[in-house]
Amino acid sequence: HREIRRGEGEGTSFFLHPGERLADDCVHDIEILGADEAILVKALEAFKDNGTARVPGEKWMLRGPLEYIPPTEVEVIDKRRAIPLDDNEGVYIRNETTGKVTMVTGKACMLAEDEVLWEKELPPVVEELLQCPKGMKHNVKDQARTMVPRDKTKAVRFNISHNAAVQIYDYAGKEPRIVFGPDLVMLQPDESFTVLSLSGDKPKR
């Protein structure tokens, strides 16, 4: 049998009776959520949650502003904060139920209970070219450029300069597209840049 004992003020204390012990051997804080925060919780056993029947393993979100004391039947899995995104910023999100990956841009994004941030992998040569001026290697200095780690959950962006173009391949639709500059492109989850090699081993997107 588990129960919650809540402190009603500073200095609140109680004695454990014979056979009792603290769950997890510690005192848990109240979850205090701001307007842009939420917590992901999971039912440890079947119970009634304010009239809603919860089953073991079921997950759901509680959004702020809120003060929340998890009942004994509930485990807090994660605390989340809304991700602010400008029009030219995005993140990749994977739905764990369907497996579908989407890109969200231009608005504050709060992950749902069945969503996680997804990391987009790129070929090493594309990773390298993204950090070169205009996406091209011009000289030995570009060859020796130090790679800056990329946040793989953020949308891959590339500024196309005037009088330039990039070719992008859509692996889902199995077709390429060409984007002319000046423009800013952001890769969809199933897209990647096509790398061209010109003038003897000088890759160019």
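Residues numbered from 1 in each chain as written. Predicted model: local features only at pLDDT ≥ 70, side-chain atom pairs only at ≥ 80, totals over all residues. Heavy atoms only, no water.

K.L.:
I keep staring at the overall build of the chain and nothing clicks. Help me out?
P.N.:
Broken down by element type, the chain carries two helices and 17 strands. Within the chain, the fraction of its 205 residues that count as buried is 30%. Look at the contacts in the chain between residues 6 or more apart in sequence, and 55% of them connect residues 24 or more apart. Within the structure as shown, the chain displays about 13700 Å² of accessible surface, and the carbon and sulfur contribution to it stands at 50%. (Helix = DSSP H or I, 4+ residues; strand = E, 2+ residues; numbered from the N terminus. Buried < 20%, exposed > 50% of the residue type's maximum accessible area, 1.4 Å probe, protein only. Contact = heavy atoms within 4.5 Å. Areas by Shrake-Rupley, 256 points an atom, 1.4 Å probe, with all protein chains shown as cover.)

K.L.:
Is there a simple way to think about the confidence of the model for the chain in this case?
P.N.:
Detailed reading of the predicted model is not advised wherever pLDDT is low. Averaged over every residue, the pLDDT of the chain is 81; the share at 70 or more is 74%. Predicted confidence for residues 137-142 stays below pLDDT 50, and this span has 13 contacts to residues more than four positions away or in other chains. (pLDDT = per-residue confidence, 0-100.)

K.L.:
Any chance you could explain the sheet that holds strand 13 (residues 175-180) here in plain terms?
P.N.:
Hydrogen bonding along the main chain pairs the strands of a sheet, whether they run parallel or antiparallel. The strand order 13-12-15 describes an open sheet built from three strands, whose pairing is antiparallel. The sheet is open, and its two borders are formed by strand 13 and strand 15 (191-193), each paired with just one other strand. Ignoring which end each strand starts from, the neighbouring axes of this sheet average 30 degrees apart. (Pairing = 2+ DSSP bridges. Axes fitted to C-alpha atoms, helices over the stretch in contact; angles between N-to-C directions.)

K.L.:
Just to check I follow, could you spell out the layout of surface pockets for this structure?
P.N.:
The probe, sized like a water molecule, is rolled over the atoms to show the empty space still left. The volume enclosed by the second largest pocket comes to roughly 380 Å³. Arg150, Asp151, Lys154, Ala155 and Arg157 are, among the 17 residues lining the second largest pocket, the residues nearest its centre. Put simply, the parts of the chain that give the lining of the second largest pocket at least two residues each are strand 8 (90-95) and helix 1 (124-130). Partitioning the lining of the second largest pocket into residue classes produces nine nonpolar, two polar and six charged. (1 Å grid on protein atoms, 1.4 Å probe; cavity = no way out; pocket = protein on both sides within 12 Å on 5 of 7 lines; lining within 4 Å. Points joined across faces, edges and corners; volume = space filled by probe spheres on them. Nonpolar A, V, L, I, M, F, W, Y, C, P; charged D, E, K, R; others polar.)

K.L.:
Please explain unusual backbone geometry as it appears in this structure.
P.N.:
With the exception of glycine, the majority of residues adopt a negative phi angle, and the majority of peptide bonds are in the trans configuration. A cis amide bond links Gly64 to the next residue, Pro65, at an omega of 0 degrees. Checked against the element boundaries, Pro65 lands in the loop between strand 5 (59-63) and strand 6 (66-68). With an omega of 0 degrees, the peptide bond running from Gly181 to Pro182 counts as cis. Even without a glycine there, the phi angle at Asn163 is positive, about 65 degrees. Relative to the assigned elements, Asn163 resides in the loop between strand 11 (157-160) and strand 12 (165-170). Among the residues examined, Asn163 registers a relative accessible area of 72% and is labelled exposed. Unusually for a residue other than glycine, Lys174 sits at a positive phi of about 55 degrees. Position of Lys174 among the secondary structure elements: in the loop between strand 12 and strand 13. Judged by relative accessible area, Lys174 falls into the exposed class, the value being 66%.

K.L.:
What is the right way to read the pattern of salt bridges from this model?
P.N.:
Under the counting rule described, the total for this entry stands at nine salt bridges. Arg81 serves as the salt-bridge partner of Glu37, at 2.9 Å between the closest nitrogen and oxygen. Note that Glu37 is positioned in strand 2 (residues 37-43) and Arg81 in strand 7 (residues 74-81), a separation of 44 residues in sequence. We classify Glu37 as buried; its relative accessible area is 11%. On the basis of relative accessibility, which here comes to 52%, the residue Arg81 falls in the exposed class. In this structure, the salt-bridge partner of Lys152 is Glu121, at a minimum N-O distance of 2.9 Å. Of this pair, Lys152 sits in the loop between helix 2 (140-143) and strand 11 while Glu121 sits in the loop between strand 10 (115-117) and helix 1; the two residues are 31 residues apart in sequence, bridging distant segments of the chain. Overall, the relative accessible area of 27% leaves Lys152 in the partly exposed class. Through salt bridges that share partners, Asp36, Glu37 and Arg81 make up one connected network. (Salt bridge = Lys/Arg side-chain N within 4 Å of Asp/Glu carboxyl O.)

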